[in-house]
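Structure assessment
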Amino acid sequence: MENMENEAGRGHNLPPSDTARFDTVVIGGGISGAAAARELAASGLSVLLLEAKDFASGTTSRTSRLQYCGLAYLAGFTRFRDIVRHPIQFLTSLRLARRSMIERRRFLSSHPHLLRPVPFQIPIFADEGPSVSKMALAMRMMAVLDPASPWSWRLLGAKEAKELPFMGDAPKPLAGAIVYLDYQYDWPERVCVEVLGEAKAFGATVRNYAVVENLSRDGTGWLITYKDRRTGQSRGVVASSVLNCAGPWVGELAAGSGLDVQKLNSGEKGANVMVRLPKRYRGQGLQVRTEEDGTFYIVPWNDLHYIGPVNTVMEVGDSDSFRVTDSDLKRFLDIAGRYLPTQDAEGLDPIFAWAGTRPRTRDQHSGGPAAMPRLHCPDETRFPGYFVYTGGLLMMHDSMGRECARAICRSLGRNWKKNRKAYGSLPSPHSRLELTRENVRWMVEQEQALTLEDILFRRTSHGWAEDMGISVLSSTADWLGEALGWSETDRNKAIAEYRNLIRDQFRATMDFAERYQSRQFVTQA
């Protein structure tokens with residue numbers, strides 16, 4: 001494929017002046033940056049968002065894909081003495097659980113087309129973990145945390161629990177089970193792309209493939225220099241404030257610009273693996289927490305299931321931070337083997353797997369990752385107008401965006417406007433999500449797609465189907481090539497790069513085309 005620098009720039013709406021000026025430059029086009037840009041623009045500020053790669057291509061694309069209720073935040077407090085010994089941690093966990101419930105309710109109201117309900121089963125073991133009465137108390141407590149939230153659950157006795165798909169061959173004696181309803185994103189990347197579309201509707205300028213090269217103070221503001229990877233040209237803009245939402249890379253960005261900012265985040269790799277389970281498990285999820293395995297899930301995904309996350313403290317610079325290793329894969333299969341019948345566990349054949357380093361907020365006492373997302377303001381970063389967000393969570397992106405907008409508006413002497421129209425402000429573009437020649441051109445021109453990965457993983461969900469988009473790869477390459485003016489050599493190179501991507505980053509080493517033709521794949525996402 002021709003050098004990216006020679007691709008025609010599309011979706012660029014910067015003012016024509018040599019040095020454009022903005023109230024705020026947001027760095028990072030994942031869900032944290034997208035939500036902040038939307039809120040800032042909705043408040044009337046001029047906003048530029050810069051993303052080094054494609055939107056939602058980093059941590060946002062490597063999540064566990066749940067708009068989670070937050071129940072697991074209470075899992076460390078199964079005994080009353082745990083609450084007495086750690087009251088601050090307990091209150092923090094309650095706040096996180098409540099925030100999760102509120103965020104889930106709001107997103108379900110504003111973007112119902114991007115969520116689907118999933119029933120989860122939680123085993124209650126007779127000789128380990130919380131008792132039946134404590135689990136029932138926890139479920140009632142979740143309802144109290146946000147009474148307006150939809151919250152559906154039921155408690156089963158041991159005999160009835162044994163009839164559930166995941167409980168029939170439980171590894172330990174059962175005292176009962178909880179079945180509750182939670183929600184799953186159709187796919188997180190599309191959430192981010194739609195939030196960015198809402199930000200643009202409020203006047204924000206958003207650009208992908210724009211690599212920030214330097215941040216420096218410019219009088220009372222900031223000079224941001226970035227390189228447009230489409231044209232190869234560098235350009236500078238001036239802003240009154242900067243919001244660093246670069247996820248795991250917030251520290252690298254600051255250090256690369258010579259900003260002496262203390263380390264604010266700590267990496268934690270989360271890995272997941274996609275498998276096919278027998279038909280009786282279809283549409284059913286499992287949530288388990290044990291001393292041995294921590295909290296993990298088996299989550300339905302169309303006709304498949306994914307298992308995870310397996311968590312490992314790891315910095316983003318580590319070569320394995322965005323890959324599932326052999327060790328990770330062994331842990332997956334070991335865990336599955338403890339909670340699936342022997343014949344089902346032994347037949348597991350991993351289809352593909354994914355991992356990503358989560359940008360957890362760094363605990364300044366232990367140096368390890370902390371659960372609470374956090375906005376670091378200039379009094380902490382020690383640079384006027386320089387804000388950093390760490391620990392961003394997809395399921396809390398609305399409140400994160402509001403938090404950032406309030407603080408930045410206050411620092412600029414502007415009033416933050418709570419604009420409920422910011423949520424779900426655009427009509428659903430689902431008619432645009434089918435793969436057609438016209439829609440691919442629209443994704444290029446309106447959503448700034450540039451590669452096959454951009455189209456198949458983030459503008460549509462074909463990359464997350466069992467064949468990872470192989471069945472539509474050729475036609476997509478044809479249409480994308482037409483929109484971008486590729487030669488036949490460019491097209492073939494793009495296809496090869498896509499195949500290398502799913503092999504290297506997703507462990508997809510099988511011959512997809514051969515298996516698809518034999519009808520072993522379900523290709524509809």
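Residues numbered from 1 in each chain as written. Predicted model: local features only at pLDDT ≥ 70, side-chain atom pairs only at ≥ 80, totals over all residues. Heavy atoms only, no water.

A few words on the side chain of Ser100. Secondary-structure assignment places Ser100 in helix α3 (residues 87-110). You can call Ser100 buried: its relative accessible area is 0%. With residues near it in sequence (within four places) discarded, Ser100 still touches Tyr68, Cys69, Gly70, Tyr73, Met395 and Met396. (Helix = DSSP H or I, 4+ residues; strand = E, 2+ residues; numbered from the N terminus. Buried < 20%, exposed > 50% of the residue type's maximum accessible area, 1.4 Å probe, protein only. Contact = heavy atoms within 4.5 Å.)

Of the pairings in the sheet, the one linking strand β8 (residues 210-218) to strand β9 (residues 221-228) comprises eight bridges and is antiparallel in character. In the strand pairing of β9, Asn214 is matched with Thr225. Between β8 and β9, which pair antiparallel in sequence order, lie two residues; one of them, Gly219, sits at a positive phi of approximately 65°. Here β9 runs beside strand β10 (residues 234-244); their pairing, made up of six bridges, is antiparallel. Among the inter-strand pairings, Thr225 is bridged to a residue of β10, identified as Gly236. The loop that links β9 with its antiparallel partner β10 comprises five residues; one of these, Gly232, has a positive phi angle of about 80°. (Pairing = 2+ DSSP bridges.)

Another point: the environment of Ile307. Within the element layout of this structure, Ile307 appears in strand β14 (residues 304-313). Separated by 35 residues in sequence, Ile307 and Asn272 place their C-alpha atoms 5.5 Å apart. Ignoring anything within four residues of it in the chain, the contact list for Ile307 reads Ala271, Asn272, Val273, Val275, Tyr297, Ile298, Phe332, Ala336 and Leu348.

A few words on the nonpolar core. Among the nonpolar cores identified, the biggest contains 103 residues, and Leu71, Met142, Tyr180, Leu243, Phe352 and Leu452 are the most heavily contacted of them. Sequence-distant contacts of Tyr180, defined by excluding residues within four places in its chain, comprise Tyr68, Cys69, Leu71, Val118, Pro119, Phe120, Ile122, Met139, Trp151, Ser152, Trp153 and Gln287. With 32 residues, the next largest nonpolar core counts Val310, Phe332, Ala345 and Leu348 among its residues. (Core = buried A, V, L, I, M, F, W, Y, C linked by side-chain atoms within 4.5 Å.)

Further remarks concern the environment of Glu213. Here Glu213 lies in strand β8. Assessed through its relative accessible area of 38%, Glu213 is described here as partly exposed. Each C-alpha atom, one on Glu213 and one on Ser234, is 8.6 Å from the other, the two residues being 21 residues apart in sequence. Ignoring anything within four residues of it in the chain, the contact list for Glu213 reads Thr225, Tyr226, Lys227, Ser234 and Ser257. Among the polar contacts made by the side chain of Glu213, one reaches the side chain of Ser234 at a distance of 3.0 Å. (Polar contact = N/O pair within 3.5 Å; in protein donor to acceptor, adjacent residues only side chain to side chain.)

This part takes up the pattern of salt bridges. Counting across every chain of the model gives 30 salt bridges. Two residues, Asp326 and Arg507, come together in a salt bridge whose shortest N-O distance is 2.9 Å. Here Arg507 lies in the loop between α15 (488-504) and α16 (512-517) and Asp326 lies in helix α8 (residues 326-339), a separation of 181 residues in the sequence. Residue Asp326 is classed as exposed on the basis of its relative accessible area of 58%. In this structure, a network of salt bridges that share partners links the residues Asp54, Arg190, Glu194, Glu447, Glu453, Asp454, Arg458 and Arg459. (Salt bridge = Lys/Arg side-chain N within 4 Å of Asp/Glu carboxyl O.)

Bringing helix α4 (residues 132-145) into the picture now. Between its terminal C-alpha atoms α4 stretches 20 Å, which fits the 20 Å expected from 14 residues at 1.5 Å a residue. Taken together, the buried positions of α4 are Met135, Ala136, Ala138, Met139, Met142 and Leu145. Check the buried side of α4 and you find it contacts α3, β4 (115-125), β5 (153-157) and β6 (174-185). (Expected span 1.5 Å × (residues − 1).)

We now examine α15. Helix length check: α15 (17 residues) gives 24 Å between terminal C-alpha atoms against 24 Å at 1.5 Å per residue, within 8%. Of the positions making up α15, those classed as buried are Asp490, Arg491, Ala494, Ile495, Tyr498, Leu501 and Ile502. One face of α15 carries all of its buried residues, which in axial projection span an arc of 135°. Away from its buried face by more than 90 degrees, α15 exposes Glu488 and Thr489. (Arc of directions from axis to C-beta.)

On to the packing of aromatic side chains, then. One pass over the structure, following the stated rule, counts 21 aromatic pairs. Between Phe457 and Phe506, the ring centres sit 5.2 Å apart and the planes meet at 15°, which makes this aromatic pair stacked. In this pair, Phe457 is assigned in helix α13 (residues 452-459) and Phe506 in the loop between α15 and α16, connecting sequence segments 49 residues apart. Judged on exposure class, the residue Phe457 and its partner Phe506 are both buried. Of the aromatic side chains, those joined through ring pairs into one cluster are Trp301, Tyr306, Phe352, Trp354, Phe457, Trp464, Tyr498 and Phe506. A cation over a ring is seen here: Arg65 above Trp464, with NZ or CZ 4.0 Å from the ring centre. (Phe/Tyr/Trp six-rings, centres within 6.5 Å; stacked < 30°, edge-to-face > 60°. Lys NZ or Arg CZ within 6 Å of the ring centre and 35° of its normal.)

As used in these notes, a disulfide is a covalent bond between sulfur atoms, one from each of two cysteines. Counted by the stated rule, this structure contains zero disulfides. Cys404 carries a free sulfur, and the closest cysteine sulfur to it, the one in Cys245, is 5.3 Å from it. (Disulfide = S-S within 2.5 Å.)

Where helix α1 (residues 31-42) meets helix α6 (residues 188-201), the axes come as close as 8 Å, and the angle between the chain directions of the two elements is 20°. Looking at the two axes, α1 sits roughly parallel to α6. Judged by the twist between their axes, the crossing of α1 over α6 is left-handed. For the pair formed by α1 and α6, the contact residues are Ile31, Ala34, Ala35, Ala37, Arg38 and Ala41 on the first element and Val191, Cys192, Val195, Leu196, Glu198 and Ala199 on the second. Its residues assigned to classes, the contact of α1 with α6 comprises 10 nonpolar, no polar and two charged. (Axes fitted to C-alpha atoms, helices over the stretch in contact; angles between N-to-C directions. Parallel < 35°, antiparallel > 145°, perpendicular 65-115°, else oblique. Left-handed = near helix turned anticlockwise from the far one by under 90°. Nonpolar A, V, L, I, M, F, W, Y, C, P; charged D, E, K, R; others polar.)

For the pair α3 and helix α11 (residues 397-411), the least separation of the axes is 8 Å and the interaxial angle reads 100°. Classified by the angle their axes make, α3 and α11 are roughly perpendicular. Note on element contacts: α11 touches α3 through His397, Asp398, Ser399, Met400, Arg402 and Glu403, opposite Arg99, Glu103, Arg106 and Phe107. Per-class residue counts for the contact of α3 with α11 are two nonpolar, two polar and six charged.

Let us now look at unusual backbone geometry. In this structure, the amide linkage connecting Gly308 to the following residue, Pro309, adopts the cis form with an omega of -5°. At Arg65, a residue that is not glycine, the phi angle is positive and equals roughly 70°. Along the polypeptide, Arg65 turns up in the loop between β2 (47-50) and β3 (66-67). Judged by relative accessible area, Arg65 falls into the buried class, the value being 1%. Even without a glycine there, the phi angle at Met468 is positive, about 55°.

Keep in mind these numbers describe shape, not what the thing actually does.
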